[in-house]
Structures are given as C-alpha cells and as structure tokens.
Amino acid sequence: MIMQRLACAAALVALPALSIAQSKPAAKPADFANWETLAGGTLAPHGQWLAYGVNRVNEENELRLTSTSASARDTTIAIPYATGPTFSTDSRWLAYTVGVSPAERDRLTKDKKPVRNSAGLRNLATGSAETTKDVTAFAFSRDGKHFAMRRYPAEGKRAADVIVQDLAAGTKLTFGNVSSFAWAEGAPLLAMTVESETGASNGVQLYDARTGALRSLDASPSLYRQLAWREKSTDLAVLRTRIDKGFRDTAHVVLAWTGLGTATTSAQRRTLDTATKGAPSGMRVAEHRRPEWAKDGSVILLGLRPREVAKPADTSRVQTIVAQQSAITDDTKHTNNTDTALKSDVQIWHAKDVRLMQQQKVQEQQDMQRTLLAAWHVAEERVVQIGTSLDETVTVLEGSRHATETDTKSYKFGAMFGRPYRDLYVVDVKTGERRKTLEKVRFTPGRSATGRKLLAFDGKDYWSYDVVTGARVNISGKTAARFVNKDYDTPTDMMPAYGVAGWTKDDSGVLAYAEFDVWLLAADGSGGRRLTDGARDSVVYRYAAVTSDATPGIDVSKPIYFSAFGKRTKQSGFARLRPGRGVERLVLEDARVGALRRADSTDVFVNTKERFDDSPDLFITGADLSAPTQRSKTNPQQAQFAWGRSELISFKSATGRDLQGVLLYPANHDPSKKYPMIVYTYELLSQQLHTYVAPSDRSYYNRTAWTAAGYFVLLPDIVFRAREPGMSALDAVVPAVRSVVARGLVDSARVGHIGHSWGGYEAAFLPTRTRIFAASVAGAAITNMLSFMGELHWGPGTAELSHWETGQARMEVPFWEDMEAYLRNSPVAKVHELRTPVLLMTGDNDGTVYWHQAVEYYNYARRAGREDVVMLVYPAEDHGLRKKENQIDYHRRINEWFGHYLKGEPAPRWITEGLSWADRKILLDSTATRRP
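Quick caveat: nothing in here was measured; it's all calculated off a predicted structure.

Describe the overall build of the protein, listing the residues and the values that go with them.
Each helix and strand in the protein was counted, giving 17 helices and 54 strands. In terms of C-alpha radius of gyration, the protein reaches 32 Å, essentially the compact-globule figure of 30 Å for 932 residues. Along the three orthogonal principal directions, the C-alpha set of the protein runs to about 110 × 85 × 75 Å. Sorting the 932 residues of the protein into buried and exposed places 49% on the buried side. The long-range fraction of contacts in the protein, counting pairs at least 24 apart against all pairs at least 6 apart in sequence, stands at 53%. In the structure as shown, the protein presents an accessible area of about 44200 Å², 50% of it carried by carbon and sulfur atoms. Within the protein, one finds 120 positive and 106 negative side-chain charges whose respective centroids are separated by 2 Å.

Below, the structure written as structure tokens:
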C-alpha cells in the first residue's frame, strides 16, 4: 500500500513537469521589447571579419562584430547604437557611426537640442577602440592608412573641423573651416573645400597624408562646391562660384587638376568659365550636378541651366506671365498691373497639364535642380551640350563616347494615363550630333558594358542597337524560350519581360530571364543557350551579384552565381555556373536563403537563412557554399516561448485557378480544438512561407503576434482579372478560407479579415459580398471605385488614373466605358448589404489613399443602418503610421477588435460606444501631464 502511494505521488509530480516540457508560454506584448531583426552583414575585404546590425523592438540596437573563422571561439563584440560598418581596404580597421540611446534622443528632442552622432574606430588586430563625438561624416583613405572625420558645423554655418588620423602612428591633425572633403583613389590625398567666416580664406586645399604637406590649389572669396576625383587617379575637379549682379542665379567656374599625386610642378590646371568661352550662350554651370570624369580623363561631365536674368522693370518674368494671362483690352491690362493690383494666389489647373499642379508643387525643388548634361573636353577647352530639355533624361554610356536622351513630347496621353512611351536619341559626346535611335519604346532594360550597344524589349523580343553603326538586331527570335512575363496580371498594351541580368563584359551577349531559366542571348542574333535547368522542376533561377565590384558587364569566363527559388515548393538557395561546366545547384532548402555576398579579396561568402520559426542568421562558407558556419545568433530568448509553424497550402479559386497560400499555426496548437483565424490579404503572399516576423506591438499587422495570441493566420494568393479586382479577390479568398475550415482546424464562425492599402480595399470589399467573415479591419482602404479613379496620389502629386487603369486597380478603362464593372467591384456599391463589423483605419494626411475614402464608407454604412462600423482617424499620419504611440495604439485596437468578435472577449467601450471629442481631449490632457 505504501509503495502504491509513493508511485502515485511520483506520477503526480511528473505530470506537471511533462506539461511544462511540452507547453511553453506564448509571447505577449510585454515580451516583445527585446526581439531582434537582422540588419544585413558586411564582410571585411580579406574576409576574416563580419559586421552586422541587430535592431530591437525597444530600439536598443547594436552593431556586432565577429570573426568568420569556423575554428575561432565566439569572439562577438557588441557596440551599442552603432550602424554603418565600414572596413578599411586592408581589413585592419572598422569604422562605424554611433548614435544615442532612445532615452537620450527623447530627452534631447524634448529640450530642443540637436541629436548628434559620433564616429567609432576599432583596431581589428588589437581590439582597441575609440569614439569621437559630434562627427557627421567619415572616410578611410583608399590605402586604409588614414581616417578622416568631419564634425558638425556650428548652428547656421556650413564649415566645420576635419580631423585626419594616421592609423599607424595614432597622430591626428585638425583642419578648420572645411565645408566638404574627399579622398582620392589613386593616392592618399585629401581634398578639402574651405569656407572662412569672412570669405577671405576660402579655397581648395590638398593634404598629402604620405608627406604631411598641405598646399592650396585655389583661393578666392568665392564658395567652392562638389569635389570630384577621377576614378583610380589623382585628377580633381571642383566648382567655384562666380556672382554676377545681372543674374538672379549663381554661375560656376570649373577648376580641374590632373596629376596631383605627382610633383607639384607636374600637375596641370585647367579652367572653364562659361561666361568667357567654351559653353553655349545663356547657360551657366549649375551646382546641382557634381562634375563627373570620363575614365580616361578626357571629358568632364557637367550640368548646365539657362541663366535667370535679374529683374529689369520692362522685361521681368512677372510682366511676361501677366501679359500671357491677361486679355487684350487696355482695361484688363491696367487691372492686372503687377505694381498696383492685389495678386490672387489662385492655382490654375489646365486639362493640358501633363504634370498636375500638385505634382509640380511637390517637385518644385527637384525641377529647380534639373540640369542639361554637357561635356567639357578638357584638353580642347570645348563644351558640347548633350541634353536639350530639362524635362528629359540623359544617360551617358560606358566610355563617355555616347549618351542617350529620352523624348516623351509625342506621348503626352501615355505619360498622363499610365501608358508611357518615349523616343530615344543617341548623342555623340564629342560632336553633339544627335540621331533618333529608337521610336515609341517602353522597355529599355540595359546598355552594354562597353557603351556600344543598347537593349530594348518590344513586348515579345529583345533587340540590340549598335550606337555606332545603327545596326538593329533581334537577339531572342531564334531561341525556343519565351521572355514575356506570363504571370503579369495587370492590363497593359505592351507585356513586360521577366527581365535581364545584364550584358556580358565583352558585349557578346545578354543574360535574359525566361520564366524559370537564365539564357545567354548572342548579341549578333544568332541564337542563345540556356545556362540553367530550372524548367525541369519549376525552380526559378536569377543572376546574383555577389560582389560590390562596379566594373560594368558580367564576366562569363568566371564563376557566376544564381539565386534559386522553387515556384511551387518555396524552397530557396543558390547555384553556380563555372566555365565549361553545367550549372551546379549548391543549396536548395525548405527555408528562406538569401543575401549572398563575397568578400572583396577572397572566396569567403556570407548569406542569411531563416524560417517562420527560426530567426534570421548569418552563415559563413566557401565558394561552393558547403559546410556553412553560423556566425550570428539572433533571438535566443525565443526558446523560452511557444511558437507556431508555417504550412504551404493549395486550393482552387472559384474560376478554377490552382493557387497557394500560407497557413500559420497558433503557438501551442492543440489538434483537438478549433481556433479563430485571421485572414491577411494583398496579392501574392505564398512566397512568404519561410519569412520570420519578429513579434512587435509597433508592427500593427504582425502575424507572429497573432499566432502568439491563439489565432491561425491565412495568407492566400490572389491573381487578378482585368476589370475585376474585387471579384478576383472574392474568387480566391473565399475558397482559401473554406479549404482550411474543411480540415477541421478553424471555427468557421470565427474568421476575421484584415488588410492595408490594396489589402484594405479587399478587406472593405469582401464583407459586402460574402458573410464568411465575423469581423474585418480595413486600413487605408480604397472604398469607392468611381470617386477614387479621379483622385490624386497627393504625396507625389500624380493622378490616380495610371494606377487605376493599367496599375494595381486593373480596371483597364474609365468608368464610363464599363460602369457595371466599376459598381461590381466597388465596396460602397453594396455597403447596404454589409453584415460584418468593420474597423476602418486612416491617417488624415494620407498622401496615397485620400482619407475621405474611409469617410465615404463610414458614412454610407451608417446611413445603411450599420452600428458596428468604427473609423479610427490618426491626425497628421500618412499612409502608414509613423508615430510610435499610434503604432502601438492601432496594434492594440486590432487585437481588441478581433478579441471581441472572434474570441468573444468583452468589448471595450470604444467598440460599443466610441469616444467623444470632449472625452478625447480629457484623455490627451491627462496623458500629457503624466509625461516626464
């Protein structure tokens, strides 16, 4: 009997222990603060060190530094509030920006004091580190032996001290009144523009870090701007202001020196002054474009702008505008006399405006900084104007022998309404000769590595164009592959391609993408060959640029890396192609594997890997990507908490399309129970199967927080048909929900829907067409297809029409051509049939979806008798919430909304009764008094 009692007691003790081992607590908002996200990884050039950022929900961020050696013990060093890691070229030093803590930032902001960064510098051999306060910019010399830091200027000033440190000796020199600085690539030479208080000591100075010599290259009372070294040389250019009281603007003299790394007497200086010679009349060299050297040093590219004459009474710009706007009668002219009449601030919006008035307003500063590209042929002291219009785009081709300029004047309708075309001119940089090369083109995906050829796509084939001979060749017509993107489901008059990786280094071919594979197309049109074998098992291959090498062109004589992604399986990884061999699949895992980078000087690689339940980390490996070594460990605290899992699901849409989605399981899932489910929609989301989402109460649509709160989360794919955006969403989402419910996992009476922006449109639309949802949350939602078609994107100032007909809305035609389609897909058209509680969220400064879209839905629903529609309006917020307190507030209200309608939790008063203006003020006033 005693033995039986002991055994029973032991069992009672063991059962709770077993329960604890199998069931951990789910993370709650109070646990989110320390959760981390990985902020990239940077390898030292020689590959022996890795620096990466870690950002936390509570903003207690840090930079981590670790050895890449697999045999090294954990040498990770954490540097609080540091960002922007930069290694010296010899891999001996690491520099970084050091910010301030969130508490210090808030204190400084409250006291209206500037928040300033510092510069950190670490000796990687000894581990010694130092921090220099109040540094706004820093840079290593090209040889890695010297380090320059510029302090913050005094308030209202542009110039500040620059400190140059000899890294071997540890000595420092300080140079005062420096407004800008730049290291040369060809030698440790530091150029500085100097700006003194009186202007008497302004100039350009050159410090030679090898000898310690400082010399003045130019001095005058003028201002000096835009230092520009030639690549891999010691040739320097700079702009010097030249004031002329006859003009409102500021012109610049261009100064150029060649051979500054040699003896002082060997360096040559040249000057370009557009007021005296060499440039088109009526033009000035503008400060808005930095001079750019051709690689051979023969040409310096500059930006020109027409001169603005100072205001003479009889020829002013104001008088000209008045004359243009006035009627011919003498009475009208008298009434509009600018000297006597009160000027109205009226805006005149004209139907002929290609750019709307709001867009002109938003882009005013950008317009004022546009320039016409010009080429200064230095030795010949001659300037050739290349650009002809401030509204067009000029691109200089590699080698600086030719340039292209767009011409969109003939295609105004397309520019206004989402069907852009342009003509393309080739300009000879030496002579300025122009000739039309391509006519009515939309897709020009790349120029060749030598600058000799252009590439265009016509909706079916790729064409190359030789800028010297004028030869035009179809380079894809003889291949079996098809390069048109068949997955593109947006109405268009010209289908896009899957894309290109780029030209080969020698211009002999183009690496172009088919649905799955990468093809090398011969530039002479003779055909092409497939480089990868993705079509065999539906793996999508794409070129992966693994180095920071800026050399143009892809060198197919060396190993090439490709990303790999299973279109149906969602596996990911990398492959390699080596000369004379077939493609090798190196990694393909049930994970999200990405961000492959190689050290500059050795075959040390780093990449990231994550899964829904495995926080992203960095892995070091060799050229074959085998035997990776994990060198970071983010979110170790996750092991203390229960976590959900992700599952790829398949379903058929109502129109018979085979679609996929992601189903996320709740933490501590019990198969014997049925759970509530939140459906988050946008467009294609199944590719996020392996995406890790750190729980956060500032990320208000946080799927991990929802699974931790006991919800299934469904992310279904939606594919769209022209003129049927809402109905397409309905045809995809409802079958997706039903497929999950049919498995017995989810309570069909407790399914909620949520989305933002385009997803917000879906979350506003679907509850008016189906009763499958118990509650919905629609953030920044489009609700009225008729009114929104005529709206603006107020942020950029552009018309909605292009987005509407040939963009995401996919309506293809204006409403007067298919009114039924507009009503069929408009949320408000059937708001009177709404039977689902809807929570609307909007910011009253939303520049993407005008906030009155939410107002319309709210008012129509009220008129239709709905008492369970609530609108959250966040003052001064844009399309996404930026204020921390608003992010947390919205996150909380989403949880309370679904908690009530999907879980049966008691409804807070804001859901049942709202909050009056007077009570809101009392609440805000009480919060303000409690703040420190």
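Please set out helix α14 (residues 852-863) residue by residue, giving values where relevant.
Between its first and last C-alpha atoms α14 spans 16 Å; for twelve residues at 1.5 Å apiece the expected length is 16 Å, and the two agree. Check the buried side of α14 and you find it contacts α10 (758-765), α11 (785-789), β53 (838-843) and β54 (869-874). A positive phi of about 95 degrees marks Gly865, the residue just after α14.

Go over the nonpolar core, please, and point to the residues and values.
Judged by nonpolar contacts, the single largest core of 42 residues is most densely connected at Leu663, Met677, Leu714, Val737 and Trp804. For Leu714, the contacting residues outside a window of four places in its chain are Ile649, Val662, Leu663, Met677, Ile678, Val679, Tyr680, Ala736, Val737 and Val740. In this structure, Ala27, Tyr700, Leu839 and Leu881 belong to the second largest nonpolar core, which totals 39 residues.

Account for the sheet that holds strand β39 (residues 572-577), with residues named and values stated.
Reading across from one edge, β37-β38-β39-β40 is the order of the four strands in this open sheet, with antiparallel pairing throughout. Both outer strands of the open sheet, β37 (539-544) and β40 (584-589), are each paired with one neighbouring strand and no more. In this sheet, neighbouring strand axes are inclined to one another by 25 degrees on average, regardless of whether the strands run parallel or antiparallel.

How would you explain the sheet that holds strand β5 (residues 82-87) if you had to name every residue and give the values?
Across the sheet, four strands lie side by side as β5-β6-β7-β8; this open sheet has antiparallel pairing. Each of the sheet's edge strands pairs with one partner strand only, and the pair in question is β5 and β8 (129-132). For this sheet, the mean inter-axis angle between neighbouring strands, taken without regard to orientation, is 20 degrees. Pairing of strand β7 (residues 118-123) with β8 involves four bridges; the strand directions are antiparallel. Across the sheet, the residue bridging to Leu121 is Glu130, located in β8.

How would you explain the packing of aromatic side chains if you had to name every residue and give the values?
Per the stated rule, a full pass over the model turns up 28 aromatic pairs. Both rings, one in Tyr561 and one in Phe605, keep their centres 5.1 Å apart while their planes meet at 50 degrees; by these two values the pair is tilted. Linking Tyr561 in strand β38 (residues 560-566) with Phe605 in strand β42 (residues 605-611), this pair joins segments that are 44 residues apart in sequence. On the basis of relative accessible area, Phe605 is assigned to the buried category, the value being 1%.

Before we move on, can you summarise the side chain of Arg631 with the specific residues and values?
Position of Arg631 among the secondary structure elements: in the loop between β44 (629-630) and β45 (646-652). Overall, the relative accessible area of 10% leaves Arg631 in the buried class. Among the polar contacts listed, one links the side chain of Arg631 to the backbone oxygen of Ser67, at a separation of 2.9 Å.

Hey, could you go over the pairing of β42 for me, with residue numbers and the actual values?
Where burial is concerned, most of β42 is hidden: six out of the seven residues are buried. In this structure, strand β41 (residues 592-598) lies alongside β42, joined through five bridges in antiparallel fashion. Of the residues in β42, the one forming a bridge with Gly594 is Thr608. Connecting β41 to the next strand, β42, in antiparallel fashion are six residues. Sheet analysis places β42 next to strand β43 (residues 614-621), joined by six bridges and oriented antiparallel. Paired with Arg611 across the two strands is Asp614, which belongs to β43.

Just give me the short version of the pairing of β37, but keep the residues and values in it.
A regular strand places its side chains on the two faces of the sheet in alternate fashion. The element β37 is extensively covered by neighbouring structure, given that five of its six residues are classed as buried. Summarising the sheet, β37 and β38 pair through six bridges and their orientation is antiparallel. Each bridged residue has a counterpart across the sheet, and for Ala544 the counterpart in β38 is Tyr561.

Just give me the short version of the environment of Asp590, but keep the residues and values in it.
Mapping Asp590 onto the fold places it in the loop between β40 and β41. Owing to a relative accessible area of 47%, Asp590 belongs among the partly exposed residues under this scheme. Residues Asp590 and Ser201 lie 389 residues apart in sequence; the distance between their C-alpha atoms is 64 Å. Excluding anything up to four places from it in sequence, Asp590 contacts Gln571, Arg611 and His690.

Any chance you could break down helix α15 (residues 884-903) for me, citing the residues and the numbers?
Here α15 spans 27 Å end to end across 20 residues, near enough to the 28 Å set by a 1.5 Å rise per residue. Turning to α15, its buried residues number three or more, namely Asn886, Gln887, Asp889, Tyr890, His891, Arg893, Ile894, Trp897, Phe898, Gly899 and Leu902. One or two residues past the end of α15 sits Gly904, with phi positive at roughly 80 degrees.

Quick one: what's the story with the confidence of the model for the protein, residue by residue and with numbers?
Per-residue confidence for the protein gives a mean pLDDT of 92; residues scoring 70 or more make up 94%. A low-confidence stretch, residues 1-21 stays under pLDDT 50, and its non-local contacts, those more than four residues away or across chains, total zero contacts. pLDDT under 50 marks residues 332-336. Its contacts with residues more than four places away, or in other chains, come to nine contacts.

Could you give an account of unusual backbone geometry, with specific residues and numbers?
Trans is the prevailing form of peptide bonds, just as negative phi is the prevailing case for residues other than glycine. Positive phi, close to 65 degrees, is recorded for Tyr81, a residue that is not glycine. Of note, the phi angle at Asn177 is positive, near 60 degrees, even though the residue is not glycine. Following the sequence through the fold, Asn177 ends up in strand β12 (residues 172-183).

So what's going on with the packing of helix α9 (residues 725-741) against α10? Residues and values would help.
Relative orientation of the contacting elements α9 and α10 amounts to 75 degrees, with a least axis distance of 10 Å. Overall, the two elements α9 and α10 adopt an arrangement that is roughly perpendicular. From α9, Pro725, Gly726, Met727, Ala729 and Leu730 reach across to α10, where they touch Trp758, Tyr761, Glu762 and Phe765. In terms of residue class, the contact of α9 with α10 is built from seven nonpolar, one polar and one charged.

Quick rundown of the pattern of salt bridges? Include the residues and the values.
For the structure shown, the criterion picks out 63 salt bridges. Notably, a salt bridge pairs Arg105 with Asp106, separated by 3.6 Å at the nearest N-O pair. The partly exposed category is assigned to Arg105, whose relative accessible area is 30%. With a closest N to O distance of 3.1 Å, Asp489 and Arg810 form a salt bridge. Taken together, the residues Asp489 in the loop between β32 (472-474) and β33 (500-503) and Arg810 in the loop between α12 (801-805) and α13 (819-824) connect sequence positions 321 residues apart. Classification of Asp489 by relative accessible area gives partly exposed; the value is 22%. Through salt bridges with shared partners, one network takes in Arg225, Asp249, Arg284, Glu287 and Arg307.

Requested: an account of the environment of Lys486, with residues and values cited.
Within the secondary structure, Lys486 is located in the loop between β32 and β33. The residues touching Lys486, leaving out its near neighbours within four places in the chain, are Tyr498 and Glu515.

Give a detailed account of the environment of Asp428, specifying residues and quantitative values.
Within the fold, Asp428 resides in strand β27 (residues 422-428). Under the relative-accessibility criterion, Asp428 is labelled partly exposed at 22%. When the C-alpha atoms of Asp428 and Tyr513 are compared, they prove to be 31 Å apart, with 85 residues separating the residues in sequence. In contact with Asp428, not counting residues within four places along its chain, are Arg401, His402 and Glu433. A distance of 2.8 Å separates a polar atom in the side chain of Asp428 from the backbone nitrogen of Lys430.

I'd like a rundown of the side chain of His377, residues and numbers included.
Within the fold, His377 resides in strand β23 (residues 372-377). We classify His377 as buried; its relative accessible area is 7%. Not counting residues up to four positions away in its chain, the partners in contact with His377 are Ser298, Val299, Arg382, Val384, Val429 and Lys430.

Cut-offs and rules
- Residues numbered from 1 in each chain as written.
- Predicted model: local features only at pLDDT ≥ 70, side-chain atom pairs only at ≥ 80, totals over all residues.
- Heavy atoms only, no water.
- Helix = DSSP H or I, 4+ residues; strand = E, 2+ residues; numbered from the N terminus.
- Rg over C-alpha atoms; globule rule 2.2 N^0.38 Å.
- Buried < 20%, exposed > 50% of the residue type's maximum accessible area, 1.4 Å probe, protein only.
- Contact = heavy atoms within 4.5 Å.
- Areas by Shrake-Rupley, 256 points an atom, 1.4 Å probe, with all protein chains shown as cover.
- Lys, Arg positive; Asp, Glu negative; His and termini not counted.
- Charge placed at Lys NZ, Arg CZ, Asp CG, Glu CD.
- Expected span 1.5 Å × (residues − 1).
- Core = buried A, V, L, I, M, F, W, Y, C linked by side-chain atoms within 4.5 Å.
- Pairing = 2+ DSSP bridges.
- Axes fitted to C-alpha atoms, helices over the stretch in contact; angles between N-to-C directions.
- Phe/Tyr/Trp six-rings, centres within 6.5 Å; stacked < 30°, edge-to-face > 60°.
- Polar contact = N/O pair within 3.5 Å; in protein donor to acceptor, adjacent residues only side chain to side chain.
- pLDDT = per-residue confidence, 0-100.
- Parallel < 35°, antiparallel > 145°, perpendicular 65-115°, else oblique.
- Nonpolar A, V, L, I, M, F, W, Y, C, P; charged D, E, K, R; others polar.
- Salt bridge = Lys/Arg side-chain N within 4 Å of Asp/Glu carboxyl O.

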